[in-house]
Amino acid sequence: MTKTDFKKELKHLYTPSSTRPAIVDVPPLDFLMVDGHGDPNVAPAYREAIEALYSVAYALKFMSKRQLDRDYTVPPLEGLWWAADMAAFTLQDKSAWDWTMMIMQPSWITPDMLQAAIDDTAARKPLPALPLLRSEVYHEGPSAQIMHIGPWAAEGPTIARLHAFLQEQGYVPAGKHHEIYISDPNRTTPERMKTVVRQPVAAR
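Within each chain, residue numbers correspond to sequence positions counted from 1 in written order. Local features in this predicted model are restricted to residues of pLDDT 70 or higher, and side-chain atom pairs are both shown and tallied only at a pLDDT of 80 or more, whereas totals for entire chains, interfaces and linings draw on every residue. Excluding hydrogens and water, the side-chain values take into account all heavy atoms of the structure.

(A) The arrangement of the overall build of the chain in detail. Along the chain, the regular secondary structure elements total six helices and 11 strands. Every radius of gyration here is taken over C-alpha atoms, with the globule rule written as 2.2 Å times N^0.38, N being the number of residues. Here the C-alpha radius of gyration of the chain, 17 Å, is about what a compact globule of 204 residues would show, namely 17 Å. Seen along its three principal axes, the alpha-carbon backbone of the chain occupies a region of about 50 × 35 × 35 Å. When burial is assessed residue by residue, the chain has 46% of its 204 residues classed as buried. By the convention used here, residues are in contact when the closest approach between their heavy atoms is within 4.5 Å. Pairs at least 24 apart in sequence give 77% of the contacts found in the chain among residues at least 6 apart. For the area figures, the Shrake-Rupley method with a 1.4 Å probe applies, and any residue is considered shielded solely by the protein chains shown. For the chain, the exposed area adds up to about 10,600 Å²; of that, 54% sits on carbon and sulfur atoms. We count Lys and Arg on the positive side and Asp and Glu on the negative side, and we leave His and both chain ends out. Every charge is mapped onto a representative atom, which is NZ of Lys, CZ of Arg, CG of Asp or CD of Glu. Across the chain, the mean location of the 21 positive side-chain charges is 7 Å away from that of the 24 negative side-chain charges. Counting from the N terminus, the helices are the DSSP runs of H or I reaching at least four residues and the strands are the DSSP runs of E reaching at least two. Only protein chains enter the accessibility calculation, which uses a 1.4 Å probe; a residue is then buried when its area is under 20% of its type maximum, exposed when over 50%, and partly exposed in between.

Encoded structure:
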């Protein structure tokens, strides 16, 4: 049985340069999603969202392997971030942040498989965020991205470089701030963490 690794299949989306931003056209992709609000460092809703996402994502992986003879590596966690008052977002007032945490899913996962995975997960352990979990196609389209290497708290200069690149190339931001967490924080030291920082764009 071959094992699909989407970080390799979609290398241009998951392994950008860490020195020079680039424009990519992100196709429609299927995601498991949970919406929430608040500082991800302290909000219980954030921890609960991550637990529900990973629980169902791994249930689907094993179901795919068992029922369809198709194995794959569970893709990395991703997050969309914004605030009703964008000044609060840029000023690092994390308690005012809104977010959607999500994990990309293979195109062959069916609605029936998803519902079975949710039911199986709920039967094993009550997860507060499980009723909030949904499946959605997210089409980001033209976007600028760069790889940030280092702790999440030090992303500021990387984000500034990305937005300067947008202006240089004649673009403006046209969607939510997007991060893809390539590294596992439990296995990687902060200075070696890799995070894709992405911003959807439109022509100015």
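(B) Local environment of the side chain of His148. Looking at the secondary structure, you find His148 in strand E8 (residues 141-149). The class for His148 is buried, based on a relative accessible area of 4%. There is a polar contact of 2.9 Å between the side chain of His148 and the backbone oxygen of Pro151. Any pair of N or O atoms that falls within 3.5 Å is considered a polar contact. Within protein, one atom must be able to donate a hydrogen and the other to accept it, and sequence-neighbouring residues count only if both atoms are side-chain atoms. In terms of polar contacts, His148 uses its side chain to reach the side chain of Thr158, at 2.8 Å. Aside from chain neighbours lying at most four places away, what touches His148 is Ala154, Glu155, Thr158, Met193, Lys194, Thr195 and Val197.

(C) Main features of the layout of surface pockets. Lining residues are those with an atom within 4 Å of a point, where the points come from a 1 Å grid over the protein atoms alone and group into cavities, where a 1.4 Å probe fits but cannot get out, or pockets, open sets with protein on both sides within 12 Å along at least five of seven lines. Grid points are joined across faces, edges and corners, and a volume is the space filled by probe spheres set on the points. By volume, the largest pocket amounts to about 1,100 Å³. For the largest pocket, the lining is made up of 37 residues, of which Trp81, Trp152, Glu155, Glu179 and Tyr181 are closest to its centre. Elements that contribute at least two residues to the lining of the largest pocket include exactly helix H3 (44-68), strand E5 (77-82), helix H4 (86-90), helix H6 (156-168) and strand E10 (177-181). The element that contributes the greatest number of residues to the lining of the largest pocket is H3, accounting for four residues. All residues other than Ala, Val, Leu, Ile, Met, Phe, Trp, Tyr, Cys, Pro, Asp, Glu, Lys and Arg, Gly among them, are scored as polar; the first ten of these are nonpolar and the last four charged. Its residues assigned to classes, the lining of the largest pocket shows 20 nonpolar, 11 polar and six charged.

(D) Fine view of the nonpolar core. Counting 50 residues, the largest nonpolar core has Val56, Leu60 and Met101 as its most contacted members. Every element with two or more residues in this core is listed here: helix H2 (11-14), strand E2 (22-26), strand E3 (29-37), H3, E5, strand E6 (98-105), helix H5 (111-124) and E10. When residues of this core are assigned to their parent elements, the largest contribution, 10 residues, is made by H3. The contact partners of Val56, leaving out residues within four places of it in the chain, are Leu32, Leu114, Ala117, Ile118, Thr121, Leu130 and Leu133. If you look at the next biggest cluster of nonpolar residues, it comprises seven residues, including Leu162, Phe165, Leu166 and Val201. Among the buried residues, those of types Ala, Val, Leu, Ile, Met, Phe, Trp, Tyr and Cys that are joined through side-chain atoms within 4.5 Å form a nonpolar core.

(E) Structural detail: a nonpolar patch on the surface. Taken together, the side chains of Tyr54, Tyr58 and Phe62 present a nonpolar region at the surface, about 280 Å² in accessible area. With respect to the element layout, Tyr54 can be found in helix H3. Residue classification places Tyr54 among the partly exposed residues on the basis of a relative accessible area of 30%. A residue counts toward a patch only above 30% relative accessible area and without a salt bridge, and it is joined to like-charged neighbours within 9 Å or, for Val, Leu, Ile, Met, Phe, Trp and Tyr, to nonpolar neighbours within 5 Å. Any carboxyl oxygen of Asp or Glu within 4 Å of a side-chain nitrogen of Lys or Arg constitutes a salt bridge here.

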